[in-house]
Amino acid sequence: MQPTFLLLIYEFFKTGLFAVGGGMATVPFLKEIARRYPWFTESELLDMIAVSESTPGPIGVNMATYSGFRAGGPLGALCSTLSLVAPSIIIILIVSRMMRQFQENRLVQDAFYCLRPASAGLIIGAMASIYHETLFHPGAASLAAWLNIPALILFALFFTGVIRFPKLHPIVFVALGAACGILFKL
């Protein structure tokens, strides 16, 4: 097996093992992967998030598949996807076999209680990173170049509720987001 595939298996197994809290909790791990390997850039990570959010399926699995495909084609996609979900499958199999013992164990209850703020922290960290990358241009020479004015205006309008939408199908918002991105080159 080529080193790229072994690295994909290692990195995504580790991500699947420690990204507690769902797909968005994988973002900090993916940022680290982008820094360490030439598979994708941090800027491409934002595109991956957009594609993963707008396609059916869990975002973490979609991003692992996309990353693996970028790194090693179809076999890379398979390696990264299976490696991401393997820890969850292993843990669920172990927990389901010992469920009665785990349910009553005070130590296990306390561990799960402490995992809640950890997963919230991972998700908030990912959210802050996405906001920063989307609303600003890190490394720009001037304040005017640093601010992503069209993105900041759209964010402010949606966040404050100035622009309100009736209950629409989510695909409408995906299409609107894509149109704004093309129109304003966000």
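Residues numbered from 1 in each chain as written. Predicted model: local features only at pLDDT ≥ 70, side-chain atom pairs only at ≥ 80, totals over all residues. Heavy atoms only, no water.

Draft legend 1. Spatial organisation of the overall build of the protein chain. When helices and strands are tallied, the protein chain shows nine helices and zero strands. Helices and strands in the protein chain line up, N terminus first, as α-α-α-α-α-α-α-α-α. With the model as given, the accessible surface of the protein chain reaches about 11,900 Å², and the carbon-plus-sulfur share is 71%. (Helix = DSSP H or I, 4+ residues; strand = E, 2+ residues; numbered from the N terminus. Areas by Shrake-Rupley, 256 points an atom, 1.4 Å probe, with all protein chains shown as cover.)

Draft legend 2. Quick look at the pattern of salt bridges. Enumeration according to the criterion identifies seven salt bridges in this entry. Salt-bridge contacts for arginine 36 lead to glutamate 11; the nearest nitrogen and oxygen are separated by 3.3 Å. With arginine 36 in helix α2 (residues 27-36) and glutamate 11 in helix α1 (residues 3-18), this pair connects stretches of sequence that are 25 residues apart. Ionic pairing is found between arginine 35 and glutamate 42, a salt bridge with its closest N-O pair at 3.2 Å. Linked through salt bridges whose partners overlap, the residues forming this network are Lys31, Glu32, Arg35 and Glu42. (Salt bridge = Lys/Arg side-chain N within 4 Å of Asp/Glu carboxyl O.)

Draft legend 3. Up close: the confidence of the model for the protein chain. For the protein chain, per-residue confidence averages 83 on the pLDDT scale, and residues scoring 70 or more make up 96% of the total. Within the protein chain, helix α5 (residues 99-104) has the poorest average pLDDT of any element, 70, and α1 the best, 93. (pLDDT = per-residue confidence, 0-100.)

Draft legend 4. Inspection of the packing of aromatic side chains at higher detail. Overall, the coordinates contain three aromatic pairs when judged by the stated rule. Ring geometry for phenylalanine 136 versus tryptophan 146: centroids 4.5 Å apart, planes at 20 degrees, classification stacked. In this pair, phenylalanine 136 sits in the loop between α6 (106-135) and α7 (143-146) while tryptophan 146 sits in helix α7, placing the two residues 10 residues apart along the sequence. A relative accessible area of 29% means that tryptophan 146 is categorised as partly exposed. (Phe/Tyr/Trp six-rings, centres within 6.5 Å; stacked < 30°, edge-to-face > 60°. Buried < 20%, exposed > 50% of the residue type's maximum accessible area, 1.4 Å probe, protein only.)

Draft legend 5. Just helix α4 (residues 59-97), in detail. Across its 39 residues, α4 extends only 28 Å between first and last C-alpha, which sits more than 12% below the 57 Å expected from 1.5 Å per residue. Along α4, the largest kink reaches about 145 degrees and is centred on glycine 72; proline proline 74 follows within four residues of it. (Expected span 1.5 Å × (residues − 1). Bend = angle between axes of the 7 residues up to and from the residue.)

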